[in-house]
Amino acid sequence: KNSFSSGLTAMEKKLAEYKCNTNEAIQLKLVRFPEDLEDENTTFNPEYSHQVFGDDEVAFGYKGLKILLYYIAGNLSTLFRIEYTSKVNEKFDCVEADDVESKIREIIPPGFCTNTDDFVSLLEKEVNFKPFGMLLHTYSVHNEEAGEDIMYQIYKADMTCPGFREYHERLQTFLMWFIETASFIDVDDERWNYFLVFEKYNKDGATLFATVGYMTVYNYYVYPDKTRPRVSQMLILPPFQGEGHGAQLLETVHRYYMSSPTVLDITAEDPSENYVKLRDFVLVKLCQDLLCFSPGKLMQGFSQEMVMEAQQKLKINKHHTRRVYEILRLRATDMGDAEQSRSYRLDVKRRLIGPYKKKQRELAKMRRCLRPEELTNQLNQIDLNMQHEQLEESFQQLVSDYRRVLERLAQA
């Protein structure tokens with residue numbers, strides 16, 4: 001018996017060496033020049049791979065596994081290759097290695113290269129690649145490293161643009177690696193709008209375009225003749241993150257819809273924390289010059305006038321306008337002044353306590369139809385002291401988030 005169990009652990013030890021973390025194994029690149037292929041600095045890795053490789057984010061059966069997914073910077077033509085130093089053998093080790101290739105093939109569109117020479121010859125044709133759709137906005141960002149200003153452009157595209165459907169299929173594969181709950185959209189639904197960010201760069205005296213990121217927006221129909229665009233996905237590719245492109249993109253999208261009389265306001269589907277911070281910044285930047293947000297009016301409290309003006313002029317919905325008001329009011333408030341800071345705290349907490357109040361009302365209803373012992377259980381869950389603590393905690397967290405927005409605004 002003993003020899004058997006020790007044999008098993010040796011086997012287990014051996015097999016444990018054949019487990020690879022897929023977030024490390026997957027190597028992504030956006031390639032502009034042939035030398036990028038050899039340059040470690042151009043490689044980046046996924047944040048997530050659980051949607052393709054399961055919650056453990058592990059591929060079994062290989063040592064030194066590398067899953068290469070290289071994209072040409074503009075049109076995103078793809079090189080897909082798998083490399084490893086050794087692989088378990090079904091005959092010898094009695095276990096089968098994971099079929100890594102078919103898992104990747106499920107999410108990347110067909111027509112990719114499998115060898116570097118084909119990929120490099122495609123790279124030479126990249127000079128013909130031009131952005132899709134209609135140019136909405138051009139801006140520049142000063143790049144310290146290059147010591148120069150780099151130009152960026154934002155386009156609005158749709159599926160009628162030649163080649164865009166295939167390009168979008170390649171682009172959306174990045175969602176799997178960088179958005180925790182990503183899903184691919186139904187591109188045959190014509191109510192999708194696509195907004196794309198490109199960088200202009202030079203290569204051998206020609207101007208080329210590199211993909212930076214994108215946003216998809218769904219136009220919900222609102223009876224009888226309006227739409228309510230809802231931001232679905234937004235991704236700035238990792239090599240470009242932290243340079244302000246997300247803010248440029250969101251502001252451009254707002255400005256695009258602002259000019260449309262049929263649009264009510266813009267919402268977002270299941271926004272991440274980072275997206276909410278970005279949106280706070282962009283919306284406050286857009287709203288700060290509206291008359292309804294002048295310091296005098298902010299001090300009088302949140303008003304219907306703010307809701308109306310933000311919606312009509314900037315397509316901002318009521319819920320987001322309320323946050324904008326709280327952020328701008330914080331800027332106008334002297335938090336060192338006891339009276340002003342008390343008034344601000346009460347105003348924000350009154351909004352935060354809304355959900356608790358709703359719960360209290362539901363309990364009052366239950367009280368009329370529940371037996372006493374069931375009721376005490378329900379009531380014990382909602383302890384007033386805890387409410388105050390939670391409320392204070394939520395308030396402090398909000399204020400620190402709001403201050404960060406105001407700091408970024410001061411630098412903008």
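The structure displayed is predicted, hence computed values, not measured ones. (Residues numbered from 1 in each chain as written. Predicted model: local features only at pLDDT ≥ 70, side-chain atom pairs only at ≥ 80, totals over all residues. Heavy atoms only, no water.)

Caption draft 1: Structural view of the overall build of the protein chain. Broken down by element type, the protein chain carries 16 helices and 14 strands. The dimensions of the protein chain, computed from C-alpha atoms along their principal axes, are 75 × 75 × 45 Å. Looking at the 412 residues of the protein chain, the share that counts as buried comes to 45%. Expressed as a percentage of contacts within the protein chain between residues at least 6 apart in sequence, the contacts between residues at least 24 apart total 67%. Of the roughly 22,500 Å² of accessible surface on the protein chain, a fraction of 48% belongs to carbon and sulfur atoms. Mean positive and mean negative side-chain charge positions of the protein chain (52 and 63 charges, respectively) differ by 8 Å. (Helix = DSSP H or I, 4+ residues; strand = E, 2+ residues; numbered from the N terminus. Buried < 20%, exposed > 50% of the residue type's maximum accessible area, 1.4 Å probe, protein only. Contact = heavy atoms within 4.5 Å. Areas by Shrake-Rupley, 256 points an atom, 1.4 Å probe, with all protein chains shown as cover. Lys, Arg positive; Asp, Glu negative; His and termini not counted. Charge placed at Lys NZ, Arg CZ, Asp CG, Glu CD.)

Caption draft 2: Spotlight on the pattern of salt bridges. The final tally for this structure, using the stated rule, is 21 salt bridges. For Lys 63, the salt bridge is made with Glu 17, and the minimal N-O distance between the two is 3.2 Å. Of this pair, Lys 63 sits in strand 5 (residues 62-63) while Glu 17 sits in the loop between helix 1 (2-16) and strand 1 (19-21); the two residues are 46 residues apart in sequence, bridging distant segments of the chain. Here Glu 17 falls in the partly exposed class, since its relative accessible area comes to 48%. With its nearest N and O atoms 2.9 Å apart, the salt bridge here joins Lys 313 to Glu 309. In this pair, Lys 313 and Glu 309 both sit in helix 11 (residues 304-314), 4 residues apart, roughly one turn of the helix. By relative accessible area, which is 12% here, Glu 309 ends up buried. Each of Arg 322, Glu 326, Arg 329, Asp 347 and Arg 351 takes part in a single network of salt bridges with overlapping partners. (Salt bridge = Lys/Arg side-chain N within 4 Å of Asp/Glu carboxyl O.)

Caption draft 3: Here's a closer look at the domain arrangement of the protein chain. Considered domain by domain, the protein chain is made up of domain 1 (13-126), domain 2 (130-270) and domain 3 (294-411). On a C-alpha basis, the centroid separation for the pair domain 1 and domain 3 is 47 Å. (Domains from an automatic or database assignment.)

Caption draft 4: Expanded view of the pairing of strand 12 (residues 206-222). Of all 17 residues making up strand 12, 13 are buried, and the element is well covered by its neighbours. Of the strand pairs in this sheet, strand 11 (residues 192-203) and strand 12 are connected by 12 bridges, and their pairing is antiparallel. Bridging across to strand 12, Leu 196 finds its partner in Tyr 214. Between the antiparallel neighbours strand 11 and strand 12 lie 2 residues, among them Asp 204 with a positive phi of about 50°. Relative to strand 13 (residues 226-236), strand 12 is paired through 10 bridges, and the arrangement is antiparallel. Directly across from Tyr 221, in strand 13, lies its bridge partner Thr 227. (Pairing = 2+ DSSP bridges.)

Caption draft 5: Here's a closer look at the packing of helix 8 (residues 245-258) against helix 9 (residues 273-287). One way to put it is that helix 8 packs onto helix 9 with a least axis distance of 10 Å and a crossing angle of 55°. Judged on the interaxial angle alone, helix 9 and helix 8 are oblique. Crossing hand, helix 8 versus helix 9: right-handed. Only Tyr 275, Leu 278, Arg 279, Phe 281, Val 282, Leu 283, Lys 285 and Leu 286 of helix 9 make contact with helix 8, whose side of the interface consists of Gly 246, Ala 247, Leu 250, Glu 251, His 254 and Arg 255. Class assignment for the residues of the contact of helix 8 with helix 9 results in 8 nonpolar, 2 polar and 4 charged. (Axes fitted to C-alpha atoms, helices over the stretch in contact; angles between N-to-C directions. Parallel < 35°, antiparallel > 145°, perpendicular 65-115°, else oblique. Left-handed = near helix turned anticlockwise from the far one by under 90°. Nonpolar A, V, L, I, M, F, W, Y, C, P; charged D, E, K, R; others polar.)

Caption draft 6: Spatial organisation of the sheet that holds strand 2 (residues 26-31). Overall, mixed pairing links the 4 strands, which are arranged 3-2-6-7 in an open sheet. Of all strands in the sheet, those with a lone pairing partner are strand 3 (43-44) and strand 7 (78-83), marking the two edges. Looking at chain direction, strand 2 and strand 3 are connected through 2 bridges and run antiparallel. Opposite Leu 28, over in strand 3, you have Phe 44 as the bridge partner. Against the sheet, helix 6 (residues 116-123) makes contact with strand 2, strand 6 (66-72) and strand 7, and its axis sits at roughly 20° relative to strand 6, the strand it touches most.

Caption draft 7: Main features of the nonpolar core. Counting 107 residues, the largest nonpolar core has Phe 174, Trp 177 and Phe 293 as the members making the most contacts within it. Phe 174 has contacts with Leu 30, Phe 44, Tyr 71, Leu 76, Leu 235 and Leu 237, leaving out every residue within four places of it along the chain. (Core = buried A, V, L, I, M, F, W, Y, C linked by side-chain atoms within 4.5 Å.)

Caption draft 8: Geometry of a positive patch on the surface. On the surface, Arg 350, Lys 357, Lys 358, Arg 361, Lys 365 and Arg 368 cluster together into a positively charged patch. Of all the elements, helix 14 (residues 354-367) adds the most residues to the positive patch, at 4 residues. You can see Arg 368 is positioned in the loop between helix 14 and helix 15 (372-381). (Patch = residues over 30% accessible without salt bridge, like charges linked within 9 Å, V, L, I, M, F, W, Y side chains within 5 Å.)

Caption draft 9: Geometry of the UniProt feature "domain: Histone acetyltransferase type B catalytic subunit C-terminal" (unreviewed entry) in the protein chain. As recorded in UniProt, the sites labelled "domain: Histone acetyltransferase type B catalytic subunit C-terminal" (unreviewed entry) are residues 279-330. Strand forms 0% of residues 279-330 and helix 73%; the C-alpha atoms that close the span are 17 Å apart. (UniProt positions renumbered as here; feature names shortened; annotations may be inferred.)

Caption draft 10: Region of the structure containing the sheet that holds strand 12. With mixed pairing, the 6 strands of this open sheet are ordered in space as 9-10-11-12-13-14. Edge strands, defined here as strands with exactly one partner in the open sheet, are strand 9 (134-143) and strand 14 (267-268).

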